[in-house]
Amino acid sequence: MADSSHGHTPAAWTGVIIAFIGFIVAGAFMVMGSVVGFWAGMALLALAAVVGGAMHVAGLGKPRRAELKLNPSGSEA
């Protein structure tokens, strides 16, 4: 499982960081009673999905199975 690189990509980290900030913003404004601030935080959550997906398409995400290149011995070089 060490070769799966589950979430260890710039696209994944960027998406998670933006989503985390979105949750903090939405939660804080929900407690303060600001509807506009809450929806701004929710917009950040949507932005996280778009940015993470765009970075993945740009080649900064986890490669697809067909794109993985392993040498014949099966070890990483």
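Just so it is clear, the model here is predicted, and its values are computed rather than measured. (Residues numbered from 1 in each chain as written. Predicted model: local features only at pLDDT ≥ 70, side-chain atom pairs only at ≥ 80, totals over all residues. Heavy atoms only, no water.)

(A) Spotlight on helix H2 (residues 35-60). The first and last C-alpha atoms of H2 sit 35 Å apart over 26 residues, in line with the 38 Å expected at 1.5 Å per residue. Looking at H2, one finds that the buried residues are Gly37, Gly41, Leu45, Ala48, Gly52 and Met55. Where the residues of H2 are buried, they touch helix H1 (10-32). A distance of 3.2 Å separates the backbone nitrogen of Gly37 from a side-chain oxygen at the start of H2, and that oxygen is part of Ser34. (Helix = DSSP H or I, 4+ residues; strand = E, 2+ residues; numbered from the N terminus. Expected span 1.5 Å × (residues − 1). Buried < 20%, exposed > 50% of the residue type's maximum accessible area, 1.4 Å probe, protein only. Contact = heavy atoms within 4.5 Å. Polar contact = N/O pair within 3.5 Å; in protein donor to acceptor, adjacent residues only side chain to side chain.)

(B) Here's a closer look at the packing of aromatic side chains. For the coordinates displayed, the defined rule picks out one aromatic pair. Aromatic side chains Phe38 and Trp39 sit 5.1 Å apart centroid to centroid with 75° between the ring planes, which places their arrangement in the edge-to-face category. Here Phe38 falls in the partly exposed class, since its relative accessible area comes to 23%. (Phe/Tyr/Trp six-rings, centres within 6.5 Å; stacked < 30°, edge-to-face > 60°.)

(C) Highlighting the side chain of Thr9. Examined against the element boundaries, Thr9 turns out to sit in the segment before H1. Residues contacting Thr9, with those up to four places away along its chain left out, are Leu60, Gly61 and Lys62.

(D) Representation of the packing of H1 against H2 in the model. Their axes nearest at 7 Å, the elements H1 and H2 cross at an angle of 175°. When the axes of H1 and H2 are compared, the pair comes out roughly antiparallel. (Axes fitted to C-alpha atoms, helices over the stretch in contact; angles between N-to-C directions. Parallel < 35°, antiparallel > 145°, perpendicular 65-115°, else oblique.)

(E) Quick look at H1. With 23 residues, H1 extends 33 Å between its outermost C-alpha atoms, agreeing within 8% with the 33 Å of an ideal straight helix rising 1.5 Å per residue. Regarding H1, the residues found buried are Ala11, Gly15, Ile18, Ala19, Gly22 and Ala26. Considering only its buried residues, H1 is in contact with H2. At the exit of H1 stands Gly33, carrying a positive phi of roughly 80°.

(F) Molecular detail of a nonpolar patch on the surface. There is a patch of nonpolar side chains on the surface, built from Trp13, Ile17, Phe20, Ile21 and Ile24 and spanning about 540 Å² of accessible area. Positionally, Trp13 belongs in helix H1. According to the relative accessible area criterion, Trp13 is exposed, its value standing at 52%. (Patch = residues over 30% accessible without salt bridge, like charges linked within 9 Å, V, L, I, M, F, W, Y side chains within 5 Å. Areas by Shrake-Rupley, 256 points an atom, 1.4 Å probe, with all protein chains shown as cover. Salt bridge = Lys/Arg side-chain N within 4 Å of Asp/Glu carboxyl O.)

Without other data, these values stay purely geometric and don't point to any function.
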